Amino acid sequence: MSEGKMNFIVLTIFPEMFNSFWAHGIIRKAIELDKISVSTINIRDFAKGRHKVTDDRPYGGGCGMVMKPEPLAAAIRASVARAPYSRRILLTPQGRVFDQSVAREFASLQGLILVCGRYEGVDERICDDFIDDEISIGDYVLTGGESAAMVVIDAATRLIPGVLGGLESAEKDSFSRNLLEHAHYTRPRTFEGAEVPEVLLSGNHKEIEKWRLETSLIRTFLKRKDLMKDRSLNRREIEIMKKWCLDIEEIIHAQSVRSSDSLSGDQ
Ligand code: 21W
């Protein structure tokens, strides 16, 4: 039954940033259930000299600092010794962009070594020889890789079998189907004058399920058409969308009949 536990090792100069990340919610539960094990390695511990320097000025000049290769190489070697089966990932704005399918790919691995860059970047020779994969979490500028490492761990962990409860299963999830989720409501029935949709109070599970699919489709259509374009629709979804077309055509038709009436009235 067990898929084996997933091992995350984070290499960072700010390991304390992860303390509260490990201590809450699903991540904490996954650790307690022994589905994942997590640890940090402080890159500074592998720096030489009294001042434990991890950065240096760039060859060729320019502003900003570069992460020195020796402490990083030593830290990565120590992580590989701890978890030799792991994929070594560098979090960098230049990486391939993380999405749900990359999350799925990572969730199936035995271990990830996540290297968090700081400063202007890491020495290129580290990328060449000590890294298997480079990942960005999107096209915006962060101050370092730590928050990105948390995003990757978070998204991968919830896909590990047994981490989420059966009801909140990851497969039912919106991005697994390239659809936004339907609207959610809880008590009270009336909140500051706004009502819960009648169908949800009806107890008719078939109708509720249909309403949810329909609101999922319409939300995706209105907010994220891009998701719909590379997605295959099933027969029910096509039925629902055809019905919209018919309804819209009916409205437009009624409208054009009226406007031609008023035009002829004018003339
Ligand atoms: C951001 C390092 C930009 C280097 C002018 C002066 C990891 C990240 C990061 C960072 C630069 C990820 C510049 C999405 C991200 C990360 C820190 C390049 C910029 N221009 N995913 N300096 N976005 N970011 N220098 O930023 O380490 S994954």
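Residues numbered from 1 in each chain as written. Predicted model: local features only at pLDDT ≥ 70, side-chain atom pairs only at ≥ 80, totals over all residues. Heavy atoms only, no water.

## Points about the side chain of Ser86
In step 1: Residue placement: Ser86 occurs in the loop between α3 (69-82) and β5 (87-97).
In step 2: Residues within four places of Ser86 in sequence aside, it is in contact with Gly111, Leu112, Ile113 and Asp132. (Helix = DSSP H or I, 4+ residues; strand = E, 2+ residues; numbered from the N terminus. Contact = heavy atoms within 4.5 Å.)

## Considerations on helix α7 (residues 205-223)
In step 1: The end-to-end C-alpha separation of α7 is 26 Å, in line with the 27 Å expected for 19 residues at 1.5 Å each.
In step 2: Considered for burial, the residues of α7 that qualify are Ile208, Trp211, Leu213, Thr215, Ser216, Leu217 and Thr220. (Expected span 1.5 Å × (residues − 1). Buried < 20%, exposed > 50% of the residue type's maximum accessible area, 1.4 Å probe, protein only.)

## A word on the nonpolar core
In step 1: Ranked by internal contacts, the top residues of the largest apolar core, which has 33 residues, are Phe98, Phe106, Leu114 and Val152.
In step 2: Every element with two or more residues in this core is listed here: β1 (6-12), α1 (19-22), α2 (25-32), β5, α4 (100-107), β6 (111-116) and α6 (146-157).
In step 3: With 7 residues, the single largest contributor to this core is α6.
In step 4: Not counting the four nearest positions on each side in its chain, Phe106 is found in contact with Met6, Arg87, Ile89, Arg96, Phe98, Leu112, Asp133, Ile135, Val152 and Ala156.
In step 5: Among the nonpolar cores identified, the runner-up in size contains 19 residues, and Ile9, Ile13, Cys127 and Ile131 belong to it. (Core = buried A, V, L, I, M, F, W, Y, C linked by side-chain atoms within 4.5 Å.)

## Some points on the domain arrangement of the chain
In step 1: Partitioning the chain into domains gives domain 1 (6-158) and domain 2 (232-266).
In step 2: Distance from the C-alpha centre of domain 1 to the C-alpha centre of domain 2: 53 Å. (Domains from an automatic or database assignment.)

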